[in-house]
Amino acid sequence: MYRPGKGKTPRKPGPKKASNIEKDPVGVYCRIRPLGTEDEECCIEMISSSTIQLHAPDGLKANRNGEYKEMQYSFKKVFGINTNQMELFEDVAKPLVEDLIHCKNGLLFTYGVTGSGKTYTMTGSPGDGGLLPRSLDMLFNSVGPFQAKRFVFKPDDKNGMEIQSQVDALLERQKRDSQPLVPKTPSSRQKADPEFVDMISPEEACKSENVDDDCCYSVFVSYIEVYNNYIYDLLEDAPFDPIRPKWLGGGTPVRNTEFTPPQSKILREDQNHNMYVAGCTEVEVKSTEEAFEVFWKGQKKRRIANTQLNRESSRSHSVFTVKLVQAPLDADGDHILQDKNQVNVSQLCLVDLAGSERTSRTRAEGSRLREAGNINQSLMTLRTCMEVLRENQMCGTNKMVPYRDSKVTHLFKNYFDGEGKVRMIVCVNPKADDYEETMLVMRFAEMTQEVEVARPVDRPICGLAPGRRHRNQAFRDELSRRLEERGGPSNADDPILLDPLIESLPALPPCELMDPADDQTLPRLIEVLERRHRIRQMMSEQFNKSASTMKSMLQQFDGQLGAKETFIHDQQSKLSEKDKVIISQRAEIDRLEKKHKTLEYKVDILQKTTDMYEQDKRSLQQELDTRAQRLQMELSERRRMEQRMQGMVTDTKLKWEKECERRVNAKQLEMQNKLWVKDEKLKQLKAIVTESSSGSRPAERPEKPERPSRERDHNIGKKRSASPSPLPTAPPVRPTHRRSQSAGGEKWVDHKPPSNLDLDTVMQPIIPNAIKVSTPNEKALSKCHKYVLRHQELASDGEIETKLIKGNVFKTRGGGQAVQFTDIETLKQECPTAPSRKRRSGSAEGPAQMDDTENRAPVASTSLAVGYQKRRKP
């Protein structure tokens with residue numbers, strides 16, 4: 001159910017956000033802690049005011065073979081070892097306090113490994129206060145003069161605030177003061193604790209100048225810790241436990257005076273969907289000392305322990321929350337406006353996260369080991385939430401952020417969803433032993449900077465005219481001055497001002513009546529009283545007249561002020577319209593800038609692609625030119641070779657033509673000489689036969705034929721001269737003869753299979769340049785161009801017949817050899833004593849046959865047919 005009388009924390013925007021909502025990245029700062037000793041190895045170097053560089057230690061490089069390289073990380077600002085707390089506060093926490101005063105929430109937390117200086121950065125030390133005391137000091141310096149009285153604002157235990165009247169607040173104060181068991185709010189008049197009295201020097205005090213003086217303010221603080229993923233209230237006073245009595249030895253119960261252990265708190269969601277700790281103690285404070293005293297009270301209850309790496313190691317995450325409640329004054333500027341809807345609550349959370357640690361280094365055991373595991377688990381959940389937020393924002397996804405996995409992330413989920421401004425201080429220890437943990441911290445910080453949070457919007461408090469408190473104070477000052485000028489009291493309630501007014505009246509005469517018949521004392525007294533009455537009436541009339549004049553003046557001032565306010569309102573409306581135009585133009589400019597960046601990125605990609613293609617084109621063109629030149633050279637070389645080979649072929653052809661002509665001529669001359677010798681012998685034989693047949697007739701000596709001369713060699717067309725014969729004989733017969741193809745200069749494969757015939761007496765043909773095989777094989781065939789197969793058998797007449805089957809050898813596509821048969825030669829052996837096959841017609845044919853045989857030209861024998869008659873097979 002909605003209660004209009006409760007102040008509300010500014011709620012986050014609805015799920016449907018405008019497209020022009022401005023966002024800011026999480027502000028991440030880095031602070032470098034000084035080294036413990038000067039001779040200690042340092043692994044962090046500050047390059048600039050926003051960049052640091054990590055150097056891997058020498059030992060780590062040697063162990064990892066140089067795996068780690070120098071890494072640079074950028075932050076919004078880097079604070080070196082010489083940075084003091086005041087400089088850190090000015091840059092980091094002061095803007096958050098300014099936003100707190102202007103109704104905006106803020107979250108500031110420190111993050112780092114154990115022993116890196118997180119607690120010192122947040123709390124500080126005596127004389128050098130940290131961010132927390134400086135934030136409280138600035139807040140009270142700014143709103144101190146405008147604070148409301150105690151209990152005017154009251155928490156409703158549901159993350160809201162109720163407003164009470166002055167009378168109810170007074171009764172509440174009296175009720176609290178009358179209850180001794182109720183813990184009282186610390187008073188600023190008490191003596192301050194010496195542990196924090198000098199946290200901030202007066203010279204370093206600062207305040208905000210833009211404070212709305214038409215409002216009244218109250219400050220509430222709370223302090224909790226998250227220990228082993230449980231929430232505990234550090235400001236809660238543990239009550240006595242009367243249910244568990246102690247017993248003496250004799251069975252007598254004794255009142256238990258021990259405190260009960262603290263109970264963990266739970267997280268709840270208010271009506272505005274903001275997370276808060278239910279039942280958490282919220283203390284109203286009126287000064288910096290009171291607030292820090294409350295903080296110190298809770299700090300003493302916080303869990304710390306001694307480990308191997310830190311003497312005072314925080315074993316829990318602490319959250320100190322500062323709530324600022326503000327409500328406007330009424331139209332007269334005297335009292336707080338009792339409209340409870342105008343109460344606004346803003347809060348600043350200062351979080352000191354426990355440091356991540358490795359148990360291998362801290363050597364934690366038992367409860368310390370469990371604490372370390374819970375600390376690391378909660379920090380891992382924080383990293384996971386940041387990763388999912390960054391992925392959702394950068395990739396446009398809608399993954400669920402696991403806030404509920406840890407109480408820390410669940411408590412602050414509203415800040416990351418747009419509740420307020422978020423800032424983180426990364427504390428690092430530059431010593432070499434923390435190098436690996438520091439690198440993990442740097443990666444988390446680098447990722448966190450990419451998470452964007454919606455910028456909080458300014459909220460007007462009310463529509464009343466500003467300057468109400470100032471006008472009311474001016475009226476009071478003017479009234480006091482007028483009364484002082486006329487001798488009247490400036491404040492009727494002030495006895496110091498009433499005494500001079502009373503003394504200015506006529507003195508009263510002695511009023512003692514000594515005699516009942518005294519008739520002088522009473523008339524004198526009546527006269528003095530009447531005179532005093534007249535003076536009082538005159539003063540009252542003058543006061544009324546002055547009041548009327550003042551009222552008319554105030555009305556005139558109000559009219560002028562109203563006109564000015566109307567003018568200012570018009571100007572503000574125009575200004576708001578201009579602001580809307582500016583915002584729309586900025587949105588358009590941002591859109592155009594993004595589009596411009598996108599186009600520039602595309603142009604860069606296209607330019608790179610074009611350059612790459614141009615480079616490829618140039619390389620291909622160069623390669624093409626090179627190949628064209630090479631081809632041209634090869635073509636020219638080929639033409640030169642062709643011309644050269646053509647010349648060589650022509651020369652060789654001419655040479656061989658001449659050689660062939662010479663050999664043919666020589667052969668013809670030789671054959672003519674042989675024919676001449678044969679003719680001579682035949683003529684002699686014919687002469688002998690003629691002489692024997694003629695008897696005693698003396699023989700005539702034939703003329704000696706003329707030896708052919710060399711002149712006949714050049715005349716091929718002339719006939720050979722036949723030998724003179726006494727008898728008319730036919731011209732010499734030259735039988736047709738074809739030379740054996742196996743007598744050439746080719747290389748042959750002479751295939752002679754085994755035979756059962758007795759060949760000792762048979763003359764075998766001889767083939768030069770032949771490879772004799774009994775079985776053909778590929779090796780022999782690959783070396784020759786011709787092939788001959790010998791086949792011998794007995795003919796029907798009992799004679800041996802030899803067939804030479806010839807062929808050409810050529811290569812096949814598969815790489816083998818094949819034979820194509822082209823010719824068959826037949827060689828036959830004949831007995832000279834056997835009768836001739838050709839039968840003669842008679843004895844008269846004998847001389848003619850003899851003459852024919854003698855006149856036949858002898859056949860030149862070859863190496864393949866010695867003693868054989870060649871016969872072509874049909």
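What comes next is a walk through the structure. Predicted model, so just to flag it, every value in this text is computed and none were measured.

About the thresholds
- Residues numbered from 1 in each chain as written.
- Predicted model: local features only at pLDDT ≥ 70, side-chain atom pairs only at ≥ 80, totals over all residues.
- Heavy atoms only, no water.
- Helix = DSSP H or I, 4+ residues; strand = E, 2+ residues; numbered from the N terminus.
- Buried < 20%, exposed > 50% of the residue type's maximum accessible area, 1.4 Å probe, protein only.
- Contact = heavy atoms within 4.5 Å.
- Areas by Shrake-Rupley, 256 points an atom, 1.4 Å probe, with all protein chains shown as cover.
- Core = buried A, V, L, I, M, F, W, Y, C linked by side-chain atoms within 4.5 Å.
- Axes fitted to C-alpha atoms, helices over the stretch in contact; angles between N-to-C directions.
- Parallel < 35°, antiparallel > 145°, perpendicular 65-115°, else oblique.
- Left-handed = near helix turned anticlockwise from the far one by under 90°.
- Nonpolar A, V, L, I, M, F, W, Y, C, P; charged D, E, K, R; others polar.
- Pairing = 2+ DSSP bridges.
- Phe/Tyr/Trp six-rings, centres within 6.5 Å; stacked < 30°, edge-to-face > 60°.
- Lys NZ or Arg CZ within 6 Å of the ring centre and 35° of its normal.

Okay, the overall build of the chain next. Of regular secondary structure, the chain possesses 16 helices and 31 strands. A burial count over the chain gives 36% of its 874 residues as buried. Counting only contacts in the chain whose residues sit at least 6 apart along the sequence, the fraction spanning at least 24 positions is 71%. Split by element, the accessible area of the chain, about 55400 Å² in all, is 53% carbon and sulfur.

If you look at the biggest cluster of nonpolar residues, it comprises 55 residues, and the most contacted ones within it are Ile52, Phe75, Leu107 and Phe412. In this view, Phe75 contacts Val28, Tyr29, Cys30, Ser50, Ile52, Val426, Met442, Ala445 and Gln449; residues no more than four positions away in its chain are not counted. Formed by 44 residues, the second largest nonpolar core is a distinct cluster that contains Leu108, Leu139, Val143 and Val219.

Turning to the packing of helix α4 (residues 131-143) against helix α6 (residues 288-299), a few remarks are in order. Where α4 meets α6, the axes come as close as 9 Å, and the angle between the chain directions of the two elements is 150 degrees. Taken together, α4 and α6 sit at an angle that is classed as roughly antiparallel. Crossing hand, α4 versus α6: right-handed. Every residue of α6 that contacts α4 at Leu132, Pro133, Leu136, Asp137 and Phe140 is listed here: Thr288, Ala291, Phe292 and Phe295. Its residues assigned to classes, the contact of α4 with α6 shows seven nonpolar, one polar and one charged.

Strand order in the open sheet formed by three strands is β4-β5-β6, with antiparallel pairing between adjacent strands. Two strands in the sheet have a free side with no partner beyond their single neighbour: β4 (44-46) and β6 (71-74). Neighbour to neighbour, the strand axes of the sheet diverge by 25 degrees on average, direction disregarded. In the sheet, β4 pairs with strand β5 (residues 51-54) via three bridges, with the strands oriented antiparallel.

On to unusual backbone geometry. Of note in the backbone geometry, Asp157 takes a positive phi value of approximately 65 degrees without being a glycine. Here Asp157 is to be found in the loop between β11 (153-155) and β12 (160-163). On the basis of relative accessible area, Asp157 is assigned to the exposed category, the value being 63%. Even without glycine at this site, His273 takes up a positive phi of about 65 degrees. Residue position: His273 is located in the loop between β17 (267-269) and β18 (275-277).

Another point: the packing of aromatic side chains. Within the structure shown, the criterion is met by ten aromatic pairs. Relative to Phe444, the ring of Tyr111 lies with its centre 4.6 Å away and its plane at 40 degrees, an arrangement referred to as tilted. Taken together, the residues Tyr111 in strand β8 (residues 105-112) and Phe444 in helix α11 (residues 435-448) connect sequence positions 333 residues apart. Here Phe444 falls in the buried class, since its relative accessible area comes to 2%. Ring pairs connect the aromatic residues Tyr223, Phe292, Phe295, Trp296 and Phe320, which therefore count as one cluster. It is Arg383 that lies over the ring of Phe444; its NZ or CZ is 6.0 Å from the centre.

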